[in-house]
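# What the coordinates show
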Amino acid sequence: MGTHNSDGPARVSRRSFVGYVIGGTTLIAAADLGLAPSAAHAAVIPSPPQIPEHYDLNDFLTHCAQPTSNLIAIEVDEKGHANFALPRMEVGQGITTAMSMLIAEELDLPLDHVHVTLAPARPELLFNQLTGGSNTMVSMYTPVRVAAAIARKALLEAGAILLGDTLAQLTTKGGQIIAPDGSSVSYGEAAAKAAAPTTEKVEVKLKDASEHKVVGTPQRRVDALEAITGKKKFAMDLDVPNALPTMVCRAPELNGTAHAINNKSAVETMPGVTHVEIIPTGVAVRAKTFGQCIDAVRALEITWNSGTVTTMSADDVRDELRAGQIPLVAPKLGATSVDGEFTFHFRSGSALEPNCAVADVRDGKATVWGGLKSPIDAQGRVAKALGLAQTSVKVNVVQGGGSFGRKLFSDAAVEAAHASKAFGAPVKLMWHRADEPRQGRVHPMAVSRIRATVLAGNVLTFEQRHASVACDFTHGLGERLTAEVAALPPGLSNLSFSESIFVLSQELPYNFGVITQLLNEPKPAVDRFNTSSVRNIYSPDVATASELMVDQLAKKLKQDPVAFRRDHLKSGTVKGVLDRAAELGDWGREMPAGTAQGIAVHKEYKGATAVLVELDCRPETVNREVRDGVTGPRVTKAVVVADVGLVINPMGVKAQMMGGFSDGMCQALTYSNHLVDGQFLEASWDNSAYTRQWNTPFDFQCEVIESHGTQPGGVGEAGVAASMAAVACAYARATGKMPTEFPINFRDPLHFEPKPFIPSVPESPTDGLAYTF
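Reading the values: the criteria
Residues numbered from 1 in each chain as written. Predicted model: local features only at pLDDT ≥ 70, side-chain atom pairs only at ≥ 80, totals over all residues. Heavy atoms only, no water. Helix = DSSP H or I, 4+ residues; strand = E, 2+ residues; numbered from the N terminus. Buried < 20%, exposed > 50% of the residue type's maximum accessible area, 1.4 Å probe, protein only. Contact = heavy atoms within 4.5 Å. Areas by Shrake-Rupley, 256 points an atom, 1.4 Å probe, with all protein chains shown as cover. Lys, Arg positive; Asp, Glu negative; His and termini not counted. Charge placed at Lys NZ, Arg CZ, Asp CG, Glu CD. Pairing = 2+ DSSP bridges. Right-handed = clockwise from strand over helix to strand, strands pointing away. Phe/Tyr/Trp six-rings, centres within 6.5 Å; stacked < 30°, edge-to-face > 60°. Axes fitted to C-alpha atoms, helices over the stretch in contact; angles between N-to-C directions.

## What about the overall build of the protein chain?
Across its full length, the protein chain carries 21 helices and 31 strands. Expressed along its principal axes, the backbone C-alpha trace of the protein chain runs to roughly 80 × 75 × 55 Å. Considering the protein chain as a whole, with its 773 residues, one finds that 60% of them fall into the buried category. In the protein chain, the proportion of contacts linking residues at least 24 apart, taken out of those at least 6 apart, comes to 79%. Accessible surface for the protein chain amounts to roughly 29,200 Å². Of this, 53% is attributable to carbon and sulfur atoms. Charged side chains of the protein chain number 71 positive and 82 negative; the gap between the two group centres comes to 1 Å.

And the structure:
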């Protein structure tokens, strides 16, 4: 976008494609993008100002998916309905709706005649079954449309035979093939005739954007009715025969393990309890109800082995990160240097749906059901844990209630498999909410140091050194990097997984002279802390630090923050969202003392986002009381403007931006995990202080601006970084003090009494109605 080719070398923008009508008894069509890996690599410019401007993480993910794109097929059944098993995971981001819209568009079908399910683990897809990096629509946009267009062409050819007319004279509408005289046949009637006994190679032309009637229109989610009526099935709703509730008693220290159960016999006699066994992550308990599981977990007396970070606290980690930072190159030059150091604390990556999975292990085979964003990797991990061949493990992907990167990891599935094997019985395993922040996956703690040098009103250098606790990418993405190392831009082949992801995703969109943004992990072992690529990975922290420094540079040069950004931005796309956000948000309006506006931009995922907020830091607001609630500074207004390329579903984009803003806002103000003596103190979402209704802005606007892009960008994570940064910038302007530690309230007295670590879970509540409003 902007001043360079936003499609990138791995993107596909032509309209004529080759694909296949696959041999079988029903009509099945698949795409073949016909792109060799060397094509993407050859187009990479080895010495760009910053690598993501020419080849970014989305290019890499799309490139990895292309070799197996011909294995993704759409089937048209005897009813004339289209069926597609999506090799990605729906976690609430709306990709099943968007995919249905693409198929309906190319096939000329009503939207409710398209059925998108989730494919089980398909090892033959190699690196084409991982949901992450906001890449689903980017990588799937062309293959799905090609497959649908091939199906439509085959149906037209069959219709020509059935109607006795020429192909050129026929049209399609609403699942019907229509001849000039008004006679017609349905897709269902034509489907059997269109089925090919052998696989045939065909060529199709995709619809132009000007012909779209479904794509680009606001559509409610295809699963909305099921969701609000309770009919939507998540992992814990599945009726797997004899799979009983199972929970795990976990160690008091992070990653501690069970040495011995001291009262196993007594717990086995408790009401409903059927099994109690040690597994690698603790002691698993199976019972007739989850309430009985909780009672048993609380009753267990266990001798524990030490954890992996015994006695460590947050300040120890920060000292470790500071000591291991890569040095800055430019010397500190007093009045010509602007310096900043920022600390970003751990925060939980738990989703609304508790971590869970169903497993049935017996007779040398295993079947697993769960919300899994990397099911092929999960299949391999379960097989390894059980000592089975990967072909002996079947992994079924179930829709999930959120992810935030958490479901890239198959922790619950592996745990369930271990428990089922130990018990010799199927299990329905669910983590307690207290388990998630204490033993689950967290966003790595990081320290980001920045130095910019200024001379004669110009920014000459901008250096950012981001030192982080190791982020675990061993969920399939790391394996992609290893297997496809030759496709990476020059200079990336010798980097670690984390460094490669950082370099491919981080881009400072300004003309600031010599720019360097570097990541290092002083202690790269990923087994100390359970980390994950939480939503938007590094970008919220990196962008918050850099955008605060942009404000400081504007202040030093006595320029308005918006005008300063506009003058230095490289991309016309980013300038467009910045200007629109400033206009919609009435940037520069007079504000009462103790309140201020803040603005920030972010460029990633083939698009750009700008966010303007108004923040109230007056004592009467900061100290407002909400029962059992964390208050503090209040965002009273938020304006989010996004350019995401070609928009499939505007309503879905706006929903993702609202969710991204909620993430960014709380990460700036309240959301964190406190590490004390090798233990995370938080044991619930309330403890961690995620965004709640009493902290949301009174006025929220989101505008998705018209883009000149011909391909969709990623939207699932695009709203987080600029939102967090804008809130931080507003806080600095409202208080006159630049924040350097996040969340801003981290050093405040704890707003909760930490729950005990032994037993590992609290009692089940019996008075829930007393806490409703």
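That shown, we press on.
## Examining the pairing of strand β5 (residues 114-118)
Burial along β5 is one-sided: the face carrying Val114, Val116 and Leu118 is buried and the face carrying His115 and Thr117 is not. When strand β4 (residues 82-86) meets β5, the two strands line up parallel, connected through five bridges. Along β5, the bridge assignment pairs Ala82 with Val114. Chirality of the crossover, the property in question, places the unit of β4, helix α3 (residues 95-107) and β5 among those that are right-handed.

## Describing the packing of aromatic side chains
With the rule as written, the count across this model stands at eleven aromatic pairs. When the centroid spacing of 5.2 Å and the interplanar angle of 10° are considered together, the rings of Phe344 and Phe742 count as stacked. With Phe344 in strand β15 (residues 337-344) and Phe742 in strand β31 (residues 741-742), this pair connects stretches of sequence that are 398 residues apart. The interplanar angle of 55° and the centroid separation of 5.2 Å between the aromatic rings of Trp685 and Tyr690 together place this pair among those described as tilted.

## Focus on the sheet that holds strand β20 (residues 427-430)
Across the sheet, which stays open at both edges, the seven strands sit in the order β12-β13-β10-β20-β17-β18-β19 with mixed pairing between neighbours. Whereas interior strands pair on both sides, the edge strands pair on one side only; in this sheet they are β12 (273-279) and β19 (393-397). The average undirected angle you get between the axes of adjacent strands in this sheet is 25°. Against the sheet, helix α8 (residues 290-299) makes contact with β10 (244-249), β12, β13 (282-287) and β20, and its axis sits at roughly 25° relative to β10, the strand it touches most.

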